[in-house]
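Letter by letter, the chains look like this.
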Amino acid sequence: MSVAWKIFMLAAVSFLVGSSEYMIAGILDKVASDTGVSLSAAGQLLTAFSLAFAFGTPILMAATARLNRRTLLLYALILFVISNALVVVLPGYGLLLAARVVMALATGVFVVAALTVAARLAPEGKQGAAIATVLMGISASLIAGVPVGRVIAAIYDWKLIFVGIGVLSLLALPIVALSIPRTESEQAVPLRRQLAMMLEPRVALALGITFFWIVGYSTIFTYISPYLLKVAGFSDRLVSLALFGYGIASLVGSKAGGWGTDRWGVAPTLVGGMVLNMLMLTVLSVAAQTTPILVSALLMLWSFFSWSSAPTQQYYLITLAPAASGIMLSLNTSVLQFAMAVGSGLGGFVIDGLSLKAITWIAAVLVAVAAVIAVISLGATGLRFRRGTSQLERRDTNEDIV
């Protein structure tokens, strides 16, 4: 098997494990009905997943640093298969919540290990493309996984989704074992060093962009299916179609964000994307009960501008500490998952205390906060952005954060 196919295989398995996180948002109303809990309580299934991913993954990666990466991939995949089986067989909301925590830990370890292996397998100068391919698998889980899960849950029992994911992951085990070579373990980055970097003022401010942007995103994404059903008045079929359009727009937006960063620079792409994201949420809040075509179009535009910030923000964080780019991206992933958890919890609080319709207004305010932080952060870093390139030039002589 060629290197390209090995990396593609890692991306395909990453699609499976990524689906385990995002798919729950597409079937939240059905899970709530089946387990006998409220929508806000069901939303905590995503909260628990994100919290376990955010805090558990760095600890487990540090604890397993001595394992070779192929072994780590296999252990994570086995745990992932077990967690899917637990979701299917365990009764009740509490045990389902526990199974989601186990699933999150397995997912986090597999994704981080897959990114590391892909970078090591790739030829010199192709590491970035290899990482992007694996990330594309995770993005595809949002594009296809959520709407496909919705369709399956509309016809059959929602637990069948996790049966399918578990079986496919089980079949992937021998493929991973036979195709991925032994990759040496790596030196662990102490958690105290990661925490020290996170607390450095410039890094903390930049990570604040991710936090508020994703909290706003997660506040509505977690409850997107109930929102479309109850507020916009969509049918099950229209929800599935809208989610397909949403997923495609997220992929195109991510690509457009990368292109815009190279073409216009970080500042206009990042801040502009945040502002347009906020505007789409505001318009959606006003037009939520108009026509399905308009609501679907606004949903796609929101998805496009929301995900356009992803590559730009990651690039911006790397420029703050080029010598520690891996740590910066790891910190960003942890903050992102923590923000997903906060957004899910906040969305549930808003639904219980205000209304389901209010989540888009709250999300718009949070994204506006992220845009303001972005302006402050970009100014505080002492950087200027040259039109036509993503290259950054410092106005000061401070050394990079290491």
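Here the structure is shown first, and the text comes after it.
Quick look at the structure, then. (Residues numbered from 1 in each chain as written. Predicted model: local features only at pLDDT ≥ 70, side-chain atom pairs only at ≥ 80, totals over all residues. Heavy atoms only, no water.)

1. A look at the overall build of the protein chain
Next up, step 1: When its secondary structure is counted, the protein chain shows 16 helices and 2 strands.
Next up, step 2: The long-range share in the protein chain, meaning contacts at least 24 apart out of those at least 6 apart in sequence, stands at 83%.
Next up, step 3: With an accessible surface of roughly 16200 Å², the protein chain has 70% of that area assigned to carbon and sulfur atoms. (Helix = DSSP H or I, 4+ residues; strand = E, 2+ residues; numbered from the N terminus. Contact = heavy atoms within 4.5 Å. Areas by Shrake-Rupley, 256 points an atom, 1.4 Å probe, with all protein chains shown as cover.)

2. Here's the deal with the pattern of salt bridges
Next up, step 1: Going through the model one piece at a time under the given rule, you end up with 1 salt bridge.
Next up, step 2: A salt bridge links Asp236 to Lys30; the nearest nitrogen and oxygen atoms lie 3.7 Å apart. Note that Asp236 is positioned in helix 11 (residues 236-264) and Lys30 in helix 2 (residues 28-35), a separation of 206 residues in sequence.
Next up, step 3: When its relative accessible area of 29% is taken as the criterion, Asp236 is described as partly exposed. (Salt bridge = Lys/Arg side-chain N within 4 Å of Asp/Glu carboxyl O. Buried < 20%, exposed > 50% of the residue type's maximum accessible area, 1.4 Å probe, protein only.)

3. A word on the side chain of Thr64
Next up, step 1: Counting through the fold element by element, Thr64 comes out in the loop between helix 3 (39-63) and helix 4 (69-89).
Next up, step 2: Its relative accessible area of 17% is what places Thr64 among the buried residues.
Next up, step 3: Not counting residues within four places of it along the chain, the set of residues in contact with Thr64 comprises Arg69 and Leu72.

4. Things to note about the packing of helix 1 (residues 3-26) against helix 5 (residues 93-121)
Next up, step 1: Two elements in contact, helix 1 and helix 5, have axes separated by 10 Å at closest approach and are oriented at 160 degrees. Between helix 1 and helix 5, the angle is such that the two are roughly antiparallel. Note on packing geometry: the crossing formed by helix 1 with helix 5 is left-handed. Of the residues in helix 5, those in contact with Val3, Lys6, Ile7, Leu10, Val13, Ser14, Val17, Ser20, Glu21 and Ile24 of helix 1 are Arg100, Met103, Thr107, Phe110, Val111, Ala114, Val117, Ala118 and Leu121.
Next up, step 2: Of the residues contributing to the contact of helix 1 with helix 5, the split by class is 13 nonpolar, 3 polar and 3 charged. (Axes fitted to C-alpha atoms, helices over the stretch in contact; angles between N-to-C directions. Parallel < 35°, antiparallel > 145°, perpendicular 65-115°, else oblique. Left-handed = near helix turned anticlockwise from the far one by under 90°. Nonpolar A, V, L, I, M, F, W, Y, C, P; charged D, E, K, R; others polar.)

Nothing here speaks to function; it is geometry throughout.
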